[in-house]
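# Descriptive analysis of the structure
Each chain, letter by letter, is given below.
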Amino acid sequence: MYVLCSPCILSPSLRAKGITHPSDIAVFARSIGRCRKFGIDVVPLPCPETLYLGPDREPGTFLERLNNPEFATLLEELCGKVNKIIEERGPPLCILGVNSSPTCGVTSTYYGAEGDTPAKRSGRGVFYAQFPDIPAQDVFEFAKYRIYLAAPLFSESERTYNTTIAALLRSHFYEVYLPQEAGDDHAVRDKKEYAQIYRRNKRAIRDADIMIAIIDGADADSGTAWEMGYATGLKKTVIALRTDFRTTGSHERVNLMLEQASKVVSTKEELLVALGALPASTPRLGQTSA
């Protein structure tokens, strides 16, 4: 189990001069931390730009400096090396890249201006474009793997379903905070416990990258609705899972404010698509999952 990784994520000094900021370094570190947490090997790719232009280079586009036969030959050689890795190890979970890179961009790349077309355009960089059948993720998205799972937890069926969703997410390499696993799991609580649970859950929402909220029922659970609102105020991504086929109006599947504050999905499969989840893998023996 491994990912192919743009080498600058491991060694930011390989990037062009002046484009790396402390926030980038933090994201790179979180991405590598995700791999370590879930036992995913990180296999660095060669850096075409460094090999061709050297490490001490200014930022530039593909058309400006790389659109020539010599670089095309280098790309062909590097693709052969990558294919050799895949032949020996099997397909990777994904290719991990850095958007905007002329070679290793995932959904955007500085290809270069042509006529009315701007220098930055949608699509993969020229190196990653050589592997269209392998899923690719931008490092900034890959680093968002800490999930707060908000849901009602007041019956056995609710708690069992919550556990099922948490297990599904963990099998796709997400770290999940589930309140019922953190002490919010019994009916009799004194005021001190209430305050502790409140503070603990608020902190977990602040620490999370993404909130997933289960909003089945005639109306969404009030605690879950509050958590969604708090996450929205913190500008967190909120995805709401509603398998209930009932609607609240001619144009609304659920409360208007909740629907506008989140992306609503109907199935576990749609949830994984909305997350951009990696393929699932059976956890290794002893692997940490929470």
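Up top you'll find the structure we're talking about.
Please read all numbers here as calculations on a predicted model, not as lab measurements.

A few words on the sheet that holds strand β9 (residues 210–214). Pairing is parallel across the open sheet formed by five strands, whose spatial order is β8-β7-β9-β10-β11. Every other strand in the sheet has two partners, leaving β8 (175–177) and β11 (263–265) as the edge strands with one partner each. Sheet twist, expressed as the average angle between the axes of neighbouring strands with direction ignored, equals 25 degrees. Bridge count between strand β10 (residues 237–241) and β11: three bridges; the pairing is parallel. Considered in β11, the bridge of L241 is made with V265. Across the face of the sheet, helix α9 (residues 222–233) comes into contact with β7 (146–150), β9 and β10 while running at roughly 160 degrees to β9. Those strands touched by helix α11 (residues 268–275) are β7, β9, β10 and β11, and its axis lies near 170 degrees from that of β10.

Turning our attention to the packing of aromatic side chains. Within this structure, the stated rule accounts for eight aromatic pairs. Pairing Y198 with W226 gives two aromatic rings, centres 5.9 Å apart and planes at 55 degrees, and the pair type is tilted. In this pair, Y198 sits in helix α8 (residues 191–207) while W226 sits in helix α9, placing the two residues 28 residues apart along the sequence. By relative accessible area, which is 45% here, Y198 ends up partly exposed. Of note, R34 hangs over the ring of Y174, and the distance from its end group to the ring centre comes to 4.7 Å. Sitting above the plane of the Y2 ring, R89 keeps its charged end 4.6 Å from the centroid.

Once that is clear, we can look at the pairing of β7. Taking burial as the measure, the five residues of β7 include four buried ones, the bulk of the element. Bridging between β7 and β8 involves three bridges; their strand directions are parallel. When the sheet's bridge partners are listed, R146 is paired in β8 with E175. For the segment spanning β7, helix α7 (residues 156–171) and β8, crossover handedness is right-handed. Across four bridges, the pairing between β7 and β9 is parallel.

With that out of the way, let us pick up the pairing of β10. Of all the five residues making up β10, four are buried; the element is thus mostly covered by neighbouring parts of the structure. Bridge analysis of β9 against β10 gives five bridges, and the strand direction is parallel. Residue I212 lies in a different strand from β10, and its bridge partner there is I239. Following the chain from β9 across α9 to the adjacent parallel β10, one finds a crossover that is right-handed.

This brings us to the packing of α7 against α11. Helix-helix packing is described using two parameters, namely the angle between the two axes and the distance between the axes. It is at 12 Å that the axes of α7 and α11 come closest, and there the two elements cross at 40 degrees. Comparing the axis directions of α7 and α11 gives the class oblique. Considering how the two elements wind past one another, α7 and α11 form a crossing that is right-handed. Contacts from I165, L168 and L169 of α7 reach α11 at K268, L271, L272 and L275. In terms of residue class, the contact of α7 with α11 is made up of six nonpolar, no polar and one charged.

Calculation criteria
- Residues numbered from 1 in each chain as written.
- Predicted model: local features only at pLDDT ≥ 70, side-chain atom pairs only at ≥ 80, totals over all residues.
- Heavy atoms only, no water.
- Pairing = 2+ DSSP bridges.
- Helix = DSSP H or I, 4+ residues; strand = E, 2+ residues; numbered from the N terminus.
- Axes fitted to C-alpha atoms, helices over the stretch in contact; angles between N-to-C directions.
- Contact = heavy atoms within 4.5 Å.
- Phe/Tyr/Trp six-rings, centres within 6.5 Å; stacked < 30°, edge-to-face > 60°.
- Buried < 20%, exposed > 50% of the residue type's maximum accessible area, 1.4 Å probe, protein only.
- Lys NZ or Arg CZ within 6 Å of the ring centre and 35° of its normal.
- Right-handed = clockwise from strand over helix to strand, strands pointing away.
- Parallel < 35°, antiparallel > 145°, perpendicular 65-115°, else oblique.
- Left-handed = near helix turned anticlockwise from the far one by under 90°.
- Nonpolar A, V, L, I, M, F, W, Y, C, P; charged D, E, K, R; others polar.

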